[in-house]
Amino acid sequence: MALKRILHVDDDEDIRTIVQLALEVVGEFEILQFGNGPGAVAGAVDFRPDLLLLDVMMPGMSGPEVWRALTALPQLADIPAIFVTAKAEDEFSRDLTRQGAMAVIVKPFDPMTLASQIQEIWDRNH
Amino acid sequence: MGRLFSVRDLAAIGTIVMACVLFAFNLRLYFQTDAALQLYLPEGYVRTQLYYSLSLVLCVSSMVYAVYSLKRREVLAEQAKKLNQFVQEVDIRQSAIDEHTATSISDANAIITDVNERFVKTFGYSRSEIVGQNQSILYRHKHLDETFLDIGRTTRAGKVWSGEQKLVAKSGETIHVNTTIIPQFDEAGNLIRNLNVRTDITAQRQAEADHFMTRMLEELQDEVFIYDAETLQLTYANLAARDRCGWDRAEVRNFRIVDTAPNFDEMAFRYHVAPLVNGRSSVVTIEIKHNKGPVEIATRLLAGPDERPIFVSVLRDISWRKKIQDAKMESVAIVSHELRSPLTSIKGSLGLLQSGVMGALTPKAQSVVEIAARNSDRLLLVINDILDIEKIDAGKMDFTMQPLDLMRFTRDAIAMNAGYGTSFSVTYELETDLDTAMIAGNSDRLMQVMTNLMSNATKYSPSGEVVTIRIAPQGMYWRVSVIDKGPGIPDSARDTLFTAFAQVTSSDGIKRGGTGLGLVIVKSILKRHNARVNFKSRMGHGTEFYFDIPAAIDTNIEQPVRQDAAG
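Predicted, not measured: the structure shown is a model, and the values here were computed from it. As a convention, each chain's residues are numbered from 1 in the sequence order in which they are written. Think of it this way: whatever chain is written first is A, whatever ligand is written first is 1, and the rest follow in order. At least 70 in pLDDT is required for a residue's local features to be given in this predicted model, at least 80 for side-chain atom pairs to be given and counted, and no such filter applies to totals for whole chains, interfaces and linings, which use all residues.

Elements are defined by DSSP. Helices are runs of H or I of four residues or more, strands are runs of E of two residues or more, and each kind is numbered from the N terminus. Looking only at helices and strands, one finds 14 helices and 18 strands in chain B. Residues classed as buried in chain B amount to 23% of the 567 residues present. Taking the contacts inside chain B whose residues are at least 6 apart along the sequence as the reference set, 56% of them involve residues at least 24 apart. Exposure classes come from backbone-placed C-beta atoms, where a residue is buried if 20 or more other C-beta atoms lie within 10 Å of its own, exposed if 12 or fewer do, and partly exposed in between. By the convention adopted here, residues are in contact when the distance between their C-beta atoms, placed from the backbone, does not exceed 7 Å.

Here's what the structure looks like:
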């Protein structure tokens with residue numbers, strides 16, 4: 001299965017801009033972005049994403065909470081997630097992986113390689 | 001004299017006198033020319049009376065003399081006996097003094113002229129060594145101005161000096177003594193000598209000190225256990241330790257150190273203290289979760305009173321320290337997160353600009369963007385290093401130890417850093433005679449060490465030079481050296497080089513990049529491996545950074561060392 005559509009949620013507008021450029025311009029993915037969890041939950045089904053790219057620490061709903069909310073929807077029950085976090089502790093990353101995350105990307109990431117990095121993770125898991 | 005002329009003596013003397021008077025009377029009669037008188041006395045009567053009285057005088061005199069002689073002999077015998085007893089008593093007292101006190105005699109100039117046997121034993125000098133020496137030989141210099149001079153003043157003034165002194169034996173050992181110094185003078189009043197009588201109270205002072213130390217141990221809030229290094233049988237547990245374990249003082253010896261915690265793993269403990277037993281460390285520490293919270297246990301190996309090896313373990317409650325560490329770690333993590341998020345935007349934007357995705361930049365704009373990108377990279381390195389230091393300090397960094405072949409590991413390190421070397425036109429070369437060099441270590445953490453040391457060596461190497469990585473045995477350790485041919489490090493930097501943000505001003509005046517935290521991380525990581533890091537440098541010739549890491553005891557055992565174990 002080819003990776004085409006990525007749903008990105010991050011409360012930081014600047015990072016959303018960087019990620020959009022990195023995935024749409026450098027990579028050739030179709031991307032839909034939200035600044036918070038409830039917005040993403042409301043708009044995700046229509047977009048039919050292949051992958052979730054979620055910031056971990058967000059006000060209101062955290063990244064893992066957004067993921068749980070989305071996978072509770074029948075249409076997105078099996079949707080995989082890659083988390084992006086500024087928390088660099090090994091234990092934190094291991095926890096997310098144990099919870100079922102496909103991968104954890106640590107900020108700051110390189111926008112020029114982000115698309116290929118995500119594609120590589122996707123290929124490794126499919 | 002009164003005892004010689006008792007009533008009996010006087011009676012005897014009186015009898016002799018009376019016999020003499022009688023004899024004189026008869027003698028007078030004998031030579032009496034008065035014819036008339038002689039007519040009234042029978043012939044020969046006077047002569048007979050004369051002889052009789054003379055015999056009586058002689059007889060009584062002889063008897064008295066005999067009685068007196070006997071009496072005199074008894075008195076002399078009695079006096080001789082008493083004198084003998086007195087001499088014996090003096091001998092006993094002298095022996096007692098010699099046994100108990102170190103006695104010496106010194107002249108008016110404080111020169112020792114005689115010493116007794118106890119003095120020889122106490123101070124360790126032979127008689128020939130000490131006689132002729134000045135008393136000052138027994139004093140440490142610091143006492144010369146006080147006690148020694150005071151004694152001189154006191155005795156010259158004709159007074160006895162008494163007091164406690166700290167003197168020094170030939171071996172240098174301090175001898176505590178109670179001293180009495182008695183001066184002696186000639187008829188003209190000049191000081192001729194001092195009698196120095198000293199009682200050795202060193203053992204008493206030591207016992208007092210020991211008693212004090214034991215009391216201190218008892219009162220410590222930390223738990224203290226003393227136990228046999230082989231059998232692990234306890235010989236002592238202080239009050240805090242006994243309270244936690246619920247033991248009486250008398251029953252401590254019935255337990256082993258493994259009885260001090262419910263899940264005490266004896267095998268893991270023996271592995272933990274192995275560096276003490278084989279002499280690699282003087283102390284080992286470990287942090288564990290105890291029934292009363294997190295504790296740090298520091299263990300040392302000492303020689304017991306009977307020379308048997310003993311372990312002394314001190315358990316310290318570190319719950320407060322842990323709370324502070326956790327709070328600090330949390331703060332650093334938050335700051336790190338708050339810095340990383342904007343840094344993501346900055347680096348991302350600069351990366352997109354540099355790549356040309358956003359359109360071509362003018363050369364000037366390109367160079368400015370490069371400066372910004374380079375410094376945002378530097379800022380990220382600082383953040384990462386600070387976070388690493390805090391993680392190590394807080395015990396949050398993974399230090400799972402596994403058997404590791406240093407040879408293979410070093411080849412990997414060289415391959416991994418080759419790209420960095422190329423950017424400085426520096427190559428890496430492995431120099432060793434070994435095929436394998438096994439250790440117990442964490443490869444990720446040790447790779448951090450090697451990357452730090454190799455990047456330092458690379459930055460300071462002249463372009464086109466080789467950085468040598470050497471591995472060689474060093475006693476019970478493997479020595480890993482990273483050697484550059486750079487400008488060298490001044491010796492003045494030795495004390496600060498392994499402290500945070502310490503950067504040496506290079507002798508060539510060129511400032512190299514770096515966070516100033518790399519060597520702090522190197523030291524912290526190596527400490528967790530019971531390894532020591534140091535360097536040798538010659539100005540203008542280069543620097544060798546090296547660490548000595550313990551060779552593996554048994555490479556077949558994948559012995560996990562607790563994450564929170566400290567070396």
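All right, on to the overall build of chain A then. Counting its regular elements, chain A contains five helices and five strands. Ordering the α and β elements of chain A from the N terminus gives β-α-β-α-β-α-β-α-β-α. Buried residues in chain A amount to 39% of all 126 residues. In chain A, of all internal contacts separated by at least 6 residues, the share reaching a separation of at least 24 is 57%.

Residue and element names in this part refer to chain A. Any two strands are treated as partners once DSSP identifies two or more bridges connecting them. One open sheet holds the five strands; their spatial order is β2-β1-β3-β4-β5, and the pairing between them is parallel. Both edges of this open sheet fall to β2 (30-34) and β5 (103-106), since each of them pairs with a single strand only. Shown here is a sheet whose adjacent strand axes are inclined to one another by a mean of 20 degrees, direction ignored. Where helices are involved, their axes are fitted lines through C-alpha atoms of the stretch in contact, as for all axes, and angles between N-to-C directions lie from 0 to 180°. Sheet strands in contact with helix α1 (residues 13-26) are β1 (5-9) and β2, and its direction is about 170 degrees off that of β2. Helix α2 (residues 37-47) contacts β1 and β2 of the sheet and is inclined by roughly 170 degrees relative to β1.

If you look at the interface, chain A gives 20 residues, while chain B gives 20 residues. Mapped by element, the contributors of at least two residues to the side of chain A that touches chain B are α1, α4 (90-98) and α5 (111-124) of chain A. Considering each element in turn, the side of chain A that touches chain B owes the most residues, six residues, to α1 of chain A. Tallied by class, the residues present in the side of chain A that touches chain B amount to 12 nonpolar, no polar and eight charged. Each residue is assigned to one of three groups, with Ala, Val, Leu, Ile, Met, Phe, Trp, Tyr, Cys and Pro labelled nonpolar, Asp, Glu, Lys and Arg labelled charged, and all others, Gly among them, labelled polar.

What follows covers the nonpolar core. Residues and elements named next belong to chain B. Nonpolar cores are identified as sets of buried Ala, Val, Leu, Ile, Met, Phe, Trp, Tyr and Cys residues joined via C-beta atoms within 7 Å. If you look at the biggest cluster of nonpolar residues, it comprises 38 residues, and the most contacted ones within it are Ile439, Leu453, Met454, Val482 and Val522. Taken together, the elements giving at least two residues each to this core come down to α12 (406-423), β13 (438-441), α13 (443-460), β14 (466-474), β15 (477-484), α14 (518-528) and β17 (542-550). Counting residues per element, this core draws most heavily on α13, which supplies seven residues. With near-sequence residues (within four places) excluded, Ile439 lies in contact with Leu404, Leu406, Trp478, Ile549, Pro550, Ala551 and Ala552.

Our next topic: the sheet that holds β15 of chain B. Residues and elements named next belong to chain B. The strand order β12-β14-β15-β17-β16 describes an open sheet built from five strands, whose pairing is mixed. Edge positions in the sheet fall to β12 (427-432) and β16 (532-538), since each has one partner strand and no second. For this sheet the average axis-to-axis angle between neighbouring strands, irrespective of direction, equals 20 degrees. Its contacts with the sheet place α12 against β12, β14 and β15, and it is angled at close to 165 degrees to β12. Each of β12, β14, β15 and β17 is contacted by α13, which is oriented at about 25 degrees to β15, the strand it contacts most.

In a regular helix each residue adds 1.5 Å, so 37 residues correspond to 54 Å; helix α10 (residues 319-355) of chain B covers 51 Å between its end C-alpha atoms and thus fits that length. Among all positions in α10 of chain B, only Ala333, Ser336, Arg340, Ser341, Thr344, Ser345, Lys347, Gly348, Ser349, Leu350, Gly351 and Leu352 of chain B are buried. Buried residues along α10 of chain B sit against α1 and α5 of chain A together with α11 (363-393) of chain B. Positive backbone phi, at 90 degrees, marks Gly356 of chain B, one or two positions downstream of α10 of chain B. In this analysis, the expected span of each helix is defined as 1.5 Å times one less than the number of residues it contains.

Before going further, it helps to spend a moment on the environment of Ala40 of chain A. Residue and element names in this part refer to chain A. Looking at the secondary structure, you find Ala40 in helix α2. Residues Ala40 and Ala69, spaced 29 residues apart in sequence, show a C-alpha to C-alpha distance of 9.6 Å. Sequence-distant contacts of Ala40, that is, excluding residues within four places in its chain, are made with Leu7, Val9, Phe34 and Val66.

Our next topic: the packing of α10 of chain B against α11 of chain B. Packed helices, taken two at a time, are described by the angle between their axes plus the distance between the axes. All names here are of chain B. Interhelical geometry of α10 versus α11 gives an angle of 160 degrees and a closest axis separation of 9 Å. With respect to each other, α10 and α11 are oriented roughly antiparallel. Relative to α11, α10 is oriented so that their crossing is left-handed. With respect to orientation, any angle under 35 degrees is reported as roughly parallel, any angle over 145 as roughly antiparallel, any angle of 65 to 115 as roughly perpendicular, and every other angle as oblique. Rotating anticlockwise by less than a right angle from the far helix to the near helix defines a left-handed crossing, while the corresponding clockwise rotation defines a right-handed one.

Turning to the environment of Lys292 of chain B, a few remarks are in order. Mapped onto the elements, Lys292 of chain B comes out in the loop between β8 (283-290) and β9 (293-303). If sequence neighbours within four positions are ignored, Lys292 of chain B has contacts with Arg244 and Asp317 of chain B.

Here Lys107 of chain A and Pro108 of chain A are connected by a cis peptide whose omega angle stands at -5 degrees. Among the secondary structure elements, Pro108 of chain A is positioned in the loop between β5 and α5. Phi is positive for Ala110 of chain B, which is not a glycine, with a value near 70 degrees. Examined against the element boundaries, Ala110 of chain B turns out to sit in the loop between β1 (101-107) and β2 (112-115).

The next point concerns the confidence of the model for chain A. Values of pLDDT, the confidence the predictor places in each residue, fall between 0 and 100. Averaged over every residue, the pLDDT of chain A is 91; the share at 70 or more is 98%. Mean pLDDT in chain A bottoms out at α4 of chain A, which sits at 82, and peaks at β1 of chain A, which reaches 97.

Looking now at helix α7 (residues 202-219) of chain B. Spanning 18 residues, α7 of chain B covers 25 Å between terminal C-alpha atoms, matching the ideal 26 Å at 1.5 Å per step. Burial runs low along α7 of chain B: only zero of the 18 residues are buried.

Another point: the confidence of the model for chain B. All names here are of chain B. Averaged over chain B, the pLDDT score is 84; the fraction of residues at 70 or greater is 88%. Within the model, the stretch residues 555-567 combines pLDDT values under 50 with 29 contacts to residues more than four positions away or in other chains. Confidence estimates for the predicted assembly give a pTM of 0.49 and an ipTM of 0.76.

This next bit is on the environment of Asp46 of chain A. Turning to its location among the elements, Asp46 of chain A is positioned in helix α2. Sequence-wise, Asp46 of chain A and Gln75 of chain A are 29 residues apart; in three dimensions their C-alpha atoms are separated by 9.7 Å.

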